[in-house]
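Residues per chain are reported as follows:
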Amino acid sequence: NTNSNAISKVSAQKETAKHKSHRLSNEIERIVQDHLKYDRENVSDLWELIHHEGEMKVYRREVEENGIVVDPLKCFHTVKGVTGREICHYFFDPTYRMDWETTLDSTKVIETLDKDNPDTLIFFQLHKRVWPSAQRDSCFWSHIRCVSTGEEDQPLWIVVNYTTDHAQAPIKSPFVRLVANVALTCETQIIEPPLNPKDIKRENLLCKLTYVAFVNPGGWAPAAALRAIAKREYPKFLKRFTSYVIEQTRDQPILF
Ligand code: H13
């Protein structure tokens, strides 16, 4: 299967770390480092808790730019029985996208930046018209990465989705282009670690997930409706997506 092939390639690269650079390398580096630096920080009192359900907390700041709602969103969640790598894998890989996404009409990979190291894909997506006003589309690079921390610790896994232009995805009316900077960061914790790491079971896994989204609707849309949609859809996405990953990995060997 081409997909698991791509995954093993991404992980193999984590050992050698000899990546070819390409036209987006510098931008990706800068955006990924920004997310690694800030996303896991706790929220200040400028953030409003808009949804709290079990371990899930969804915060937002109400921000408008020229009358357009661009509310930053930040979510913390804890998921049992899965690793950060597994969560990031299911979020990044297009094979599974339509299984858990409920806000898309379609998704398409229009470029793989480095075929020897498929850690960066360019997506073109058509969003469902849950958006009031015109239908939205998006074109973004999506990058997955494993970041080593201390010797003892499990590595962090991160996926960043960031709007980009592409010749194969021109902006065509009546569609309005969404502009986004989204990151999913995951940290695996081993609870009550058995003496032998080989004995780690899914019940010993806890994954700390942070999801940050800066989305500009790209054109005017009614503020109240947009905020109501965001309040409903982000928690729904987090629940559905994390349940999906738990379901998919349940009887699979643990992917660290
Ligand atoms: O992150 C999510 N999905 C990604 C994979 O399909 C794509 C996403 C992205 C969105 C827009 C542009 C580029 C990338 O990262 C899950 C998204 C859940 C969305 C819930 C809908 C909320 C509507 C909020 C409206 C605010 C303007």
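What counts, and at which threshold
- Residues numbered from 1 in each chain as written.
- Predicted model: local features only at pLDDT ≥ 70, side-chain atom pairs only at ≥ 80, totals over all residues.
- Heavy atoms only, no water.
- Disulfide = S-S within 2.5 Å.
- Buried < 20%, exposed > 50% of the residue type's maximum accessible area, 1.4 Å probe, protein only.
- Helix = DSSP H or I, 4+ residues; strand = E, 2+ residues; numbered from the N terminus.
- Pairing = 2+ DSSP bridges.
- Near = heavy atom within 4 Å.
- Polar contact = N/O pair within 3.5 Å; in protein donor to acceptor, adjacent residues only side chain to side chain.
- Areas by Shrake-Rupley, 256 points an atom, 1.4 Å probe, with all protein chains shown as cover.
- Phe/Tyr/Trp six-rings, centres within 6.5 Å; stacked < 30°, edge-to-face > 60°.
- Lys NZ or Arg CZ within 6 Å of the ring centre and 35° of its normal.
- 1 Å grid on protein atoms, 1.4 Å probe; cavity = no way out; pocket = protein on both sides within 12 Å on 5 of 7 lines; lining within 4 Å.
- Points joined across faces, edges and corners; volume = space filled by probe spheres on them.
- Nonpolar A, V, L, I, M, F, W, Y, C, P; charged D, E, K, R; others polar.

So, the state of the cysteines
For step 1, the next point in the chain: A full pass over the atoms with the stated rule returns 0 disulfides.
For step 2, the next point in the chain: We note that Cys88 lacks a disulfide partner, and the nearest cysteine sulfur, in Cys186, lies 3.9 Å from it.
For step 3, the next point in the chain: With a relative accessible area of 0%, Cys88 lands in the buried category.

Details of the pairing of strand E8 (residues 136-147)
For step 1, the next point in the chain: Here E8 lies mainly inside the structure; 12 of its 12 residues are buried.
For step 2, the next point in the chain: Of the two faces of E8, the one lined by Arg136, Ser138, Phe140, Ser142, Ile144 and Cys146 and the one lined by Asp137, Cys139, Trp141, His143, Arg145 and Val147 are each fully buried.
For step 3, the next point in the chain: Judged from the 2 bridges that link them, E8 and strand E10 (residues 176-177) form a sheet pairing that is parallel. Within E10, the position partnered with Arg136 by the bridge is Val176.

Topic: the site of the ligand
For step 1, the next point in the chain: The immediate surroundings of the ligand are formed by 21 residues, with Arg97, Glu101, Gln125, Asn161 and Tyr211 found nearest.
For step 2, the next point in the chain: Between Gln125 and the ligand, the recorded distance is 3.1 Å, taken from a side-chain N or O atom to an oxygen atom.
For step 3, the next point in the chain: Here an oxygen atom of the ligand sits 3.0 Å away from a polar atom, N or O, in the side chain of Asn161.
For step 4, the next point in the chain: Protein burial of the ligand: of its 690 Å² of free accessible surface, 94% is covered by the chains.
For step 5, the next point in the chain: Those elements giving two or more residues to the shell around the ligand turn out to be helix H4 (94-100), strand E7 (120-127), E8, strand E11 (179-190), strand E12 (205-216) and helix H5 (223-249).
For step 6, the next point in the chain: Here the element with the most residues in the shell around the ligand is H5; it accounts for 5 residues.

Notes on the pairing of strand E2 (residues 56-60)
Successive residues of a regular strand alternate their side chains across the two faces of the sheet.
For step 1, the next point in the chain: Among the 5 residues that make up E2, 4 are buried, leaving the element largely enclosed by the rest of the structure.
For step 2, the next point in the chain: Between strand E1 (residues 48-53) and the antiparallel strand that follows it, E2, lie 2 residues; Gly54 among them carries a positive phi value of about 60°.
For step 3, the next point in the chain: Inspection of the sheet shows E2 paired to strand E5 (residues 73-80) by 4 bridges, in the antiparallel sense. Within E5, the position partnered with Val58 by the bridge is Cys75.

Section: the packing of aromatic side chains
Each aromatic ring pair is summarised here by two numbers: the centre-to-centre distance and the angle between the ring planes.
For step 1, the next point in the chain: Evaluated as defined, the whole model comprises 14 aromatic pairs.
For step 2, the next point in the chain: Within the aromatic cluster, the residues linked to one another by ring pairs are Phe91, Trp100, Tyr211, Tyr234, Phe237 and Phe241.
For step 3, the next point in the chain: One Lys or Arg, Arg97, reaches over the ring of Phe123 and ends 4.2 Å from the middle of that ring.

Let's talk about empty space enclosed by the protein
For step 1, the next point in the chain: Enumeration over the complete set of coordinates arrives at 2 cavities of 30 Å³ or more.
For step 2, the next point in the chain: Here the second largest cavity is characterised by a volume of approximately 40 Å³.
For step 3, the next point in the chain: Around the second largest cavity sit Thr83, Gly84, Arg85, Gln154, Pro155, Trp157, Thr188 and Phe256, which together line it.
For step 4, the next point in the chain: Residue composition of the lining of the second largest cavity, grouped by class: 3 nonpolar, 4 polar and 1 charged.

Some details on helix H3 (residues 84-92)
For step 1, the next point in the chain: When you tally the buried positions in H3, you get 9 out of 9 residues, the bulk of the element.
For step 2, the next point in the chain: Of the residues making up H3, those classed as buried are Gly84, Arg85, Glu86, Ile87, Cys88, His89, Tyr90, Phe91 and Phe92.

Considering unusual backbone geometry
For step 1, the next point in the chain: A cis amide bond, omega 10°, links Ser173 with the succeeding residue Pro174.
For step 2, the next point in the chain: Backbone geometry at Asn66 places phi at a positive 50°, although glycine is not the residue there.
For step 3, the next point in the chain: With respect to the secondary-structure elements, Asn66 resides in the loop between strand E3 (64-65) and strand E4 (68-69).
For step 4, the next point in the chain: Residue Asn66 is classed as exposed on the basis of its relative accessible area of 81%.
For step 5, the next point in the chain: One non-glycine residue with positive phi stands out, namely Glu192, at about 45°.
For step 6, the next point in the chain: With respect to the element layout, Glu192 can be found in the loop between E11 and E12.
For step 7, the next point in the chain: In this structure Glu192 comes out as exposed when scored by relative accessible area, which is 73%.

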